[in-house]
Structures are given as C-alpha cells and as structure tokens.
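# Chain and residue survey
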Amino acid sequence: MTRAAVLVSLLIGASSIGVAAALTAQVRTADPIKRGLNESDFPRTIKVTDNVYTYEDFHAGDEKFTTTNMFVVTPEGVLVADGQGDVPATKGLVDAIAKITPKPIRYVVICSDHGDHTGGNAAFPSGVTYIVNPTSKAILDRQATGSAGRGRGAPSWKLPGDAQLVFARNPIALGGEPIEILFLGRAHTGGDLSVYLPRQKILFMSEIFLNRVFPAMRSAYPREWLGALTKAEQLDVNVYIPGHGFTEKGDVSKQELRAYHKALEAVIAEATRLHKAGVPVDEAIKQANWGEYASWTLAKSQGPIAIRKVYEDLDGKLQ
C-alpha cells in the first residue's frame, strides 16, 4: 500500500470513529446503559454553568432512570430544587453540595410533592426555608399524619410551619443571584413549581418535564399539563432541566422538551380517540397504541394509568 493510500485509510478510519462517537452522543433515552453509562457512574454532579449544578441519582424501581435535582450556589448560600426519594439518597445530595461549596443550604424548593422528590427531606439541614405551592403543602401536611408518600423507608418528616407559599411567581435574591419560583399551572401534580434563573436562562422543571420517560399521570391534570409546557417553552430559556431523565445541553434540552410535549400530546390524543369511540376504560388500556412512545421508559407501567387519568379528565372528574 502506498503512503497516500495509508493516509487515506487512516483518515477514513478517523472519520468513522468520529461518526460513531457522534451517533453514540445522539442516543436519546432515559436508560443509562443505552447512553453508554454504568450504574457505578451514579450518583453524579453535573456543572451546568459556573454556579448552577444538577445532581442525578437512580430512581427506585425495576427500570433504571434518574431523579434529577438542581442547586444554585451563591455567595450567601445555596438554593436546592427538589430532593431525592429517601434520607440516604438526599444525604448524598447534601454531601455533593458540600463538595462544591462550604456555603450553607438556605432554600429548598419543593417542586414536586411526590415521595421520590420529598421522601428524604429529613436529610436537609435544620433551619432551611422551604418553598412550596399551597396545593403541595396541603398534600404534604396530610402525609405527615400517615405513612403515605414518604418515599423509600424515610422517617416521618413534616413541612415546617414557616414554609413560603408560591401561588404564581415568587422572586428571590440570594447572594445577588436573581431567582424566580414559578407556578406554571397544574401538570404532573396540582402544585408543580419550576425554578427559573433569568441570568443564566435556565429553567428547572421538575416533573413537568420527564426526559424520555413516558408521561406519568398518577396525580396529573393531562390537558392542563400541556398548557404548562407551552408556558415553559415561551420563556427566555437556553437550558431546560427535567425532574427525571438526563441533564442535556442547550439546544438538545430544547429538542427534548419539545419531544416530551409531543409525547404528552400523543398520549392524550390516543386516550381521547378511544374515549370518543365509547371504548370502556379497561378495554381501552388493552387497545391503546402508543406508537414510538411504547419504547420509552415506564411505558408499560404508566400507559394504563394515563388512559384512566385522561378518561377522568374528559369525564370532568378532575377537580
């Protein structure tokens, strides 16, 4: 083989490697193995900007995907958006923050009241100020008197009485960092909150946005959820961060939010089609065709729940 041929061969080989790497990077899934990651890679902390980080740990269950938190570091302290599902997992989050900064945690925003985001709240330091929507506060107050919703074996935790309530928008200035806590409407739950960082143009959406995870509707308001997603897309945002699924960079995060919006629209449309055809709910669960979304994480378990919830929505049973 001539030197020229060898050079061409090497260049083609290098190009193939580059294409393969690009294809690997383009895998869009909530499954860490398909993303080329191992269980030993988690939990992990990801730097989004100079003072904004996400923390990803595994959600409990048969299918592996991440529960994602965000924290913002300022000269006066830290704001944390959501916790994990039990005390050890949330302690891991607290310890990860301590590795980034010695500053104390000042605020914890309860963006989702579900146990996989609040079950470990007892691990947060005493004296933090909690921020919550009134609907979520009522749910957490009820849970504190029983065993429901405490996550994976977490001890009883009660929301402090001085928690700040967010009805629509609550601006915070922490260490000179402008932060806005937003209620974009009922979505995955009745009290979903988002955390908007206008300087960095970042929006943490918690469970309003499930990155490549089938729309989970146990406590949802399906058609209102679409409205909340539309409001999020209309904000001046460069990076959207989900409550489940991986942290993505800029344009990819926008693409994934749009993909999720389309997935939710498709799920609602399929359930609506069956409802209009007069198919009983139990039979609709058997007949539902999720198309490309059948391969999304949790589709098997969440598909039936979605049918039932959309039927309730269409029948006017959601208050």
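Residue numbers here run from 1 along each chain, matching the order of that chain's written sequence. Local features in a predicted model are, by the rule used here, given only for residues with pLDDT of at least 70; side-chain atom pairs are given and counted only at 80 or more, and totals for whole chains, interfaces and linings are based on all residues. With hydrogens and water excluded, all non-hydrogen atoms of the structure serve as input to the side-chain values.

## Structural notes on the nonpolar core
Selection rule: For the purposes of this section, nonpolar cores are sets of buried Ala, Val, Leu, Ile, Met, Phe, Trp, Tyr and Cys residues that join through side-chain atoms within 4.5 Å. Exposure categories follow from relative accessible area, calculated using a 1.4 Å probe and restricted to protein chains: below 20% of the type maximum is buried, above 50% is exposed, and the middle band is partly exposed. Here a residue-residue contact requires only that any non-hydrogen atoms of the pair lie within 4.5 Å.
By size, the foremost hydrophobic cluster in this structure holds 43 residues, and its most contacted members are Met205, Met217 and Trp225. Residues within four places of Met217 in sequence aside, it is in contact with Pro222, Trp225, Leu264, Val267, Ile268, Gln302, Ile305, Ala306, Lys309 and Val310.

## Some points on the side chain of Ser194
Here is the rule: Only DSSP runs of H or I covering at least 4 residues are called helices, and only runs of E covering at least 2 are called strands; the numbering of each starts at the N terminus.
For Ser194, the location among the structural elements is in strand 10 (residues 194-197). Given the relative accessible area of 0%, Ser194 is considered buried. Contact partners of Ser194, with chain neighbours within four places excluded, come to Glu180, Ile181, Leu182, Leu184, Leu203, Phe204, Met205 and Ile208.

## Details of the sheet that holds strand 10
Hydrogen bonds between backbone groups are what pair the strands of a sheet, and the pairing can be parallel or antiparallel. Put simply, the test is: One bridge is not enough; two strands pair if DSSP finds at least two bridges between them. Axis definition: a line fitted to C-alpha atoms, over the contacting stretch in the case of helices. Angles run 0 to 180 degrees between N-to-C directions.
Reading across the sheet, the 5 strands line up as 8-9-10-11-12 and stay open at both edges, with mixed pairing between neighbours. Each end of this open sheet is capped by a strand with a single partner; those strands are strand 8 (169-174) and strand 12 (239-241). Adjacent strand axes in the sheet meet at a mean angle of 20 degrees, parallel and antiparallel pairs treated alike. As judged from the 3 bridges shared by strand 10 and strand 11 (residues 202-204), these two strands associate in the antiparallel manner. Following the sheet pairing, Tyr196 is matched in strand 11 by Leu203.

## Things to note about helix 5 (residues 222-234)
Inclusion rule: Expected span of a helix, by definition, is 1.5 Å for each gap between consecutive residues, and there is one gap fewer than residues. The directions considered for the arc are those from the helix axis to the C-beta atoms.
The end-to-end C-alpha distance of helix 5 is 19 Å, a good match for the 18 Å that 13 residues give at a rise of 1.5 Å each. Regarding helix 5, the residues found buried are Pro222, Trp225, Leu226, Ala228, Leu229 and Ala232. With its buried residues spanning 160 degrees around the axis, helix 5 presents them on a single face. Those residues of helix 5 hidden inside the fold are in contact with strand 11, strand 12, helix 6 (250-276) and helix 8 (299-314).

## Comments concerning unusual backbone geometry
Of the consecutive residues Phe42 and Pro43, the connecting peptide bond is found in the cis state with omega at 0 degrees. You can see Pro43 is positioned in the loop between helix 1 (3-25) and strand 1 (44-49). One non-glycine residue, Asp82, adopts positive backbone phi at about 70 degrees. Among the structural elements, Asp82 can be located in the loop between strand 4 (77-81) and helix 2 (87-100). Unusually for a residue other than glycine, Arg212 sits at a positive phi of about 65 degrees.

## Some details on the pattern of salt bridges
Where we set the bar: Any carboxyl oxygen of Asp or Glu that lies within 4 Å of a side-chain nitrogen of Lys or Arg is treated as forming a salt bridge with it.
Within the structure shown, the criterion is met by 15 salt bridges. Between Asp141 and Lys137 there is a salt bridge; the shortest N-O distance is 2.7 Å. Separated by 4 residues within a single helix, Asp141 and Lys137 lie in helix 4 (residues 134-143), roughly one turn from each other. With relative accessibility at 23%, the residue Asp141 sits in the partly exposed group. Glu270 is paired through a salt bridge with Arg273; the nearest N and O atoms lie 2.7 Å apart. With a gap of 3 residues between them, Glu270 and Arg273 both fall in helix 6, about one helical turn apart. Accessibility expressed as a relative area gives 9% for Glu270, which makes it buried.

## Some words on the pairing of strand 1
With 5 bridges connecting them, strand 1 and strand 2 (residues 52-58) associate as antiparallel partners. Considered in strand 2, the bridge of Thr49 is made with Val52. Between strand 1 and strand 2, which pair antiparallel in sequence order, lie 2 residues.

## Thoughts on the confidence of the model for the protein
Defined as follows: What pLDDT conveys is the predictor's confidence in a given residue, as a value from 0 to 100.
On average, residues of the protein score 90 in pLDDT, and 89% of them are at 70 or above. Between residues 1-24, whose pLDDT stays under 50, and residues either more than four places distant or in other chains, the model counts 1 contact. With pLDDT under 50 throughout, residues 147-155 is counted as low confidence; its partners more than four residues away or in other chains account for 23 contacts.

## Regarding the packing of aromatic side chains
Heads up, the rule is: Paired rings are identified among Phe, Tyr and Trp, the last through its six-membered ring, by centres lying within 6.5 Å, and are further divided according to the angle between planes into stacked (under 30 degrees), edge-to-face (over 60) and tilted (the rest). Lysine NZ or arginine CZ positioned within 6 Å of the ring centre and within 35 degrees of the ring normal marks a charge as sitting over the ring.
Scanning the entire structure with this criterion turns up 8 aromatic pairs. Measuring from ring centre to ring centre gives 5.1 Å for Tyr293 and Trp296, while their planes differ by 90 degrees; the resulting arrangement is edge-to-face. Judged by its relative accessible area of 10%, Tyr293 falls in the buried class. For Trp296, a relative accessible area of 8% translates into the label buried. Ring pairing ties together the aromatic residues Phe42, Phe58 and Phe246, which thus form one cluster. Over the ring of Phe58 we find Lys64, and its NZ or CZ is 5.0 Å from the ring centre. Against the face of Tyr221 rests Arg186, its NZ or CZ located 3.8 Å from the ring centre.

## A closer look at the pairing of strand 8
The two faces of strand 8 differ: Asn170, Ile172 and Leu174 on one face are buried, but Arg169, Pro171 and Ala173 on the other face are not. Across 6 bridges, the pairing between strand 8 and strand 9 (residues 177-182) is antiparallel. Bridge pairing links Arg169 to Leu182 in strand 9. The hairpin formed by strand 8 and strand 9 contains 2 residues between the paired strands, and Gly175 there has a positive phi angle of roughly 60 degrees.

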